[in-house]
Amino acid sequence: MPEYRMIRRKMTGEGNFLVAIGQKVKSNDVIAKMKNLSGQLTRVFVSDDICSEPSTLQEKLRVSEGYKVAKGDILAENRHFFTRRVSRSPVPGVVALVSNHLGCIFIRNPLPESTEKEIYITAEALNMNKLKFSDAIRVKQGDIVDQGRILVDVKPPVTAPALGRIREVDIKNGRLILSPLYHRPELVAHVQGVVTAFPEESVCEIQVYGEELQGAFGYGGESSGTLEVVDCGIKRLTTEDLPAELTGKIVVTAGDVASEALELMMKQQGLGLICGSLSPTVLREFCPQDPMTFLGSRMTIPFPIILMNGWRGAMDKQVWQIFQKHQGALVSVDAETQLRANVIRPRILILLTPPEEGMKP
Amino acid sequence: MNTTVISLLEQTQTVPTMQRIAQRLKLKPREFAAAVAFCGIHMTLYPLWIHMWGQLGVELPLQMVDTDPETIGHSDTPWKMIVFSCSQTKALLHVQTKGFSDKPDLFQKMMIHPFRQLIESLDDDGRFVAYAEALPILTDIGCSTDHNVPLDIPMLSLEKLESQFDLWRDWGKQMEPRLYAWLQQHKGDSVTPEKAIELYREFAAVLWQELLQKKIIQAAPLPTGWFSQLKGFRKEVFHGTALLQGDHESFWYRHEKWK
């Protein structure tokens, strides 16, 4: 049933909200700008460094969660038996987690705001001939590299300037292309509604009016677009069933989907897919990573996919009727899925025009 | 400087006092050597040293050893000793002094996780789980690397040491006026905390040498030849490393404020 709902939007890094309480937001509005993004986690075995038991770590800590540290800053200190032992941070960052059980601290190294432009490393720029350049390359196409990893083993070595994926190793032309894996340093509303509160420094609550549905599994991140219900019964959705124009649309089908249809959706810049099921074989063809391992936002695909019923079977009749009822409505999808502790299921929010009394702030 | 600290040794009558303590404690020779290092020099003499110099206006740091690689590795320091935790009920003490286990990098090596794990795994019979990375350190401290052979280091119960601690405390009290008198004679104008700590180290080293020479303690240098590896020769010889068994954290909290 449609009703007023509170949607929490959270920044993943330090930043500022660009909206105020009472402000109306649309789904494509940027509501926050982040200064930096959460980067890699570095584990520091603090208890080992200071020769102490994990159970007594808390009293020896000099930092707490959320504390900013520079490289070399003291994390913990032990002064037993006239001996000073310290544990220093090997990287700059923010203390993300303190484990009193393992006796270690996790430091998150924030990624600086960066362009999404690809980084080109060429033999020409390094004053090398192409043969030597190809010999010195230490990565292969598809590798995900950390910032600082050696890409070309020359003197001095050429290292990755950012966390990214090796898009291309072109030995013939003496070229290496690195695609930075930075996410957008902006937080988009993805829903339309009214900002009602900021319960935490990094969280914004938006009141929306609509209907919420939950899927079984999801792949990819968040998206919002117009609901495009494709009624082909419970049979497999093929390219013939898809409408000619898919830009800005989130396609819904009751059954499963052919891999050609997925390819077409990608070409036509569809914004999402909600289907009854999708066979693992089709998913494996379409996804760059193993779909059995990389669920939710960990899978990098062009648009989010939500499976309402799992790997096989059609969508529940009642759910299908809800989608049919709201054909053409604005829909917000979040494919985030986590199956272990703190289970998260993908969410579909059909955003509707509020009743006549207007939106309650 | 040696002559200076020898005069302190004579003035404070430390060696005969140690002889008396040895007779009363009735510990095995190498256990007594470890007890002298830990209870005597580390836990009694150093706090007393801080207290006495404090009365003369020289404030010494409570931490004599800093495990920072830059400061721990000075091989010319005459006396180096460290006590570090390996588990809640096991702490290891390690002594290095002139001619007696002089390996500056050993301190850092001993604090690595596999070695601490090996010590943690020790049972009452000295049997342990052999961790590959820790085995070379066993050789460095003069022990067999065969995991079927019990670890040959003295094991001291902190509970027992604590029950005998009054003897060390009494020694400290005896030392107090004598040490104060001597320090007043030798304080000079330019004594810095660093110099005062260096003087303490010199005194500890000289005391150790004297106790060895008078055969009050047995702490032979690390074996260097095949002959010295013979079992009979190594019996009851303290190689600089001993295990302290018991709740060392609470032991420390009870004793850290002693003056």
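Residues numbered from 1 in each chain as written. Chains lettered and ligands numbered in written order. Predicted model: local features only at pLDDT ≥ 70, side-chain atom pairs only at ≥ 80, totals over all residues. Heavy atoms only, no water.

Undergrad: Even after reading the chapter, I still don't get the overall build of chain A, so can you show me in this structure?
TA: When helices and strands are counted, chain A shows six helices and 28 strands. The 361 residues of chain A split such that 50% are buried. Of all intrachain contacts in chain A linking residues separated by at least 6 positions in sequence, the fraction that spans at least 24 positions is 61%. In the structure as shown, chain A presents an accessible area of about 18100 Å², 50% of it carried by carbon and sulfur atoms. (Helix = DSSP H or I, 4+ residues; strand = E, 2+ residues; numbered from the N terminus. Buried < 20%, exposed > 50% of the residue type's maximum accessible area, 1.4 Å probe, protein only. Contact = heavy atoms within 4.5 Å. Areas by Shrake-Rupley, 256 points an atom, 1.4 Å probe, with all protein chains shown as cover.)

Undergrad: Help me understand the environment of B:Gln63, please; the structure alone is not making it clear to me.
TA: Mapped onto the fold, B:Gln63 is located in the loop between helix H3 (29–55) and strand S1 (65–66). Between the C-alpha atoms of B:Gln63 and B:Tyr46, which are 17 residues apart in sequence, the distance is 9.9 Å. Once you skip the residues sitting within four places of it in the chain, B:Gln63 turns out to touch A:Arg79, A:Phe82, A:Thr83, A:Arg84 and B:Tyr46.

Undergrad: Looking at this structure, how should I read unusual backbone geometry?
TA: Leave glycine aside and you will find that most residues have negative phi; peptide bonds, for their part, are mostly trans. All names here are of chain A. Following Lys 155, the chain continues into Pro 156 via a peptide bond in cis, with omega recorded as -10°. By the element assignment, Pro 156 lies in the loop between strand S15 (150–152) and strand S16 (158–159). Phi at Phe 82 is positive, roughly 60°, even though this residue is not glycine. Here Phe 82 lies in the loop between strand S8 (74–78) and strand S9 (83–88). Judged by its relative accessible area of 1%, Phe 82 falls in the buried class. In this structure, His 190 takes a positive phi of about 60° despite not being glycine.

Undergrad: Even after reading the chapter, I still don't get the packing of helix H2 (residues 14–25) of chain B against helix H9 (residues 165–186) of chain B, so can you show me in this structure?
TA: Any two packed helices are characterised by how steeply their axes cross, that is the angle between the axes, and by the distance between the axes. Residue and element names in this part refer to chain B. Relative to each other, H2 and H9 sit at 165°, their axes nearing to 11 Å. Classified by the angle between their axes, H2 and H9 sit roughly antiparallel to one another. Of the two possible hands of crossing, H2 and H9 adopt the one that is right-handed. Where H2 abuts H9, its residues Thr 14, Thr 17, Met 18, Ile 21, Arg 24 and Leu 25 lie against Leu 167, Trp 168, Trp 171, Gln 174 and Met 175. (Axes fitted to C-alpha atoms, helices over the stretch in contact; angles between N-to-C directions. Parallel < 35°, antiparallel > 145°, perpendicular 65-115°, else oblique. Left-handed = near helix turned anticlockwise from the far one by under 90°.)

Undergrad: I keep staring at the pattern of salt bridges and nothing clicks. Help me out?
TA: Residue and element names in this part refer to chain A. All chains considered together, the criterion is met by 27 salt bridges over all chains. Note that Glu 77 and Arg 84 form a salt bridge whose closest N and O atoms lie 2.6 Å from each other. Judged by relative accessible area, Arg 84 falls into the buried class, the value being 15%. Its salt-bridge partner being Arg 175, residue Asp 170 comes within 3.6 Å of it at the nearest N-O pair. Residue Arg 175 is classed as partly exposed on the basis of its relative accessible area, which comes to 27%. Among the charged side chains, a network of salt bridges with common partners joins Arg 62, Glu 77, Arg 79 and Arg 84. (Salt bridge = Lys/Arg side-chain N within 4 Å of Asp/Glu carboxyl O.)

Undergrad: Honestly, the side chain of B:Gln96 in this entry has me stumped. Any pointers?
TA: Within the secondary structure, B:Gln96 is located in strand S3 (residues 90–97). A polar side-chain atom of B:Gln96 sits 3.1 Å from a polar atom in the side chain of B:His94. (Polar contact = N/O pair within 3.5 Å; in protein donor to acceptor, adjacent residues only side chain to side chain.)

Undergrad: Would you mind going over the interface of chain A and chain B with me for this structure?
TA: For interface size, the figure often reported is the accessible area lost on association. Residue-level contacts link 18 residues of chain A with 27 residues of chain B. Buried surface at the junction of chain A and chain B, summed over both partners, amounts to about 2100 Å²; 52% is from carbon and sulfur atoms. In terms of surface lost to chain B, no three residues of chain A exceed A:Cys51, A:Phe81 and A:Phe82, which account for 43% of the buried area on that side. For the pair chain A and chain B, the interface holds two salt bridges. Of the charged contacts in the structure, one is a salt bridge between B:Glu249 and A:Lys60, with a shortest N-O distance of 3.0 Å. Along the contact surface separating chain A from chain B lie eight residue pairs in polar contact (both at pLDDT 80 or more). Looking at the side of chain A that touches chain B, the elements that each hand over two or more residues are helix H1 (46–49), helix H2 (57–60) and S9 of chain A. Top contributing element to the side of chain A that touches chain B by residue count: S9(A), with five residues. (Buried area = accessible area lost by both parts, 1.4 Å probe.)

Undergrad: For this particular structure, what's the right way to read the packing of aromatic side chains?
TA: The description of an aromatic ring pair uses the distance of the two centres, along with the angle that the planes make with each other. Evaluated as defined, the whole model comprises 18 aromatic pairs over all chains. Ring geometry for A:Phe286 and A:Phe303: centres 5.7 Å apart, planes at 40°, overall tilted. Of this pair, A:Phe286 sits in helix H5 (residues 280–286) while A:Phe303 is found in the loop between H5 and strand S26 (305–307), placing the two residues 17 residues apart along the sequence. Grouping aromatic residues by their ring pairs yields a cluster made of A:Phe81, A:Phe82, B:Phe38, B:Tyr46, B:Trp49, B:Phe165, B:Tyr200, B:Phe203, B:Phe251 and B:Trp252. (Phe/Tyr/Trp six-rings, centres within 6.5 Å; stacked < 30°, edge-to-face > 60°.)

Undergrad: How do you make sense of helix H6 (residues 317–325) of chain A when you look at a structure like this?
TA: The α-helix advances 3.6 residues per turn, and as a result positions three or four apart in sequence lie on the same side. All names here are of chain A. Within the span of H6, buried status applies to Val 319, Trp 320 and Phe 323. Projection of H6 onto a plane perpendicular to its axis shows the buried side chains occupying an angular sector of 100°, all on one side. For H6, exposure combined with an orientation more than 90 degrees from the buried face picks out Lys 317, Gln 318 and Lys 325. Among the structural elements, strand S21 (203–214), strand S23 (222–229), strand S24 (249–253), strand S25 (272–275) and strand S28 (347–351) are those in contact with the buried residues of H6. (Arc of directions from axis to C-beta.)

Undergrad: For this particular structure, what's the right way to read the nonpolar core?
TA: Proteins that are soluble and globular tend to have nonpolar side chains buried together. Residues and elements named next belong to chain B. Counting 67 residues, the largest nonpolar core has Phe 38, Trp 49, Trp 79, Trp 168 and Trp 208 as its most contacted members. Here the element with the most residues in this core is H3; it accounts for 17 residues. If sequence neighbours within four positions are ignored, Trp 168 has contacts with Met 18, Ile 21, Leu 25, Phe 32, Ala 35, Val 36, Cys 39, Gly 40 and Thr 44. (Core = buried A, V, L, I, M, F, W, Y, C linked by side-chain atoms within 4.5 Å.)

Undergrad: Help me understand the pairing of strand S17 (residues 164–170) of chain A, please; the structure alone is not making it clear to me.
TA: As a general feature of sheets, a regular strand has side chains that alternate between the two faces. Residues and elements named next belong to chain A. Strand direction decides the pairing type here: strand S14 (residues 144–145) and S17, joined by two bridges, are antiparallel. Considered in S17, the bridge of Ile 144 is made with Arg 165. Where S17 lies against strand S18 (residues 175–180), six bridges are found, and the strand directions are antiparallel. Looking across to S18, one finds that Arg 165 is bridged to Ser 179. With antiparallel pairing between neighbouring strands as the criterion, S17 and S18 make up a hairpin whose turn holds four residues, including Gly 174 at a positive phi of roughly 60°. (Pairing = 2+ DSSP bridges.)

Remember, this is a structural readout, not a statement about activity or role.
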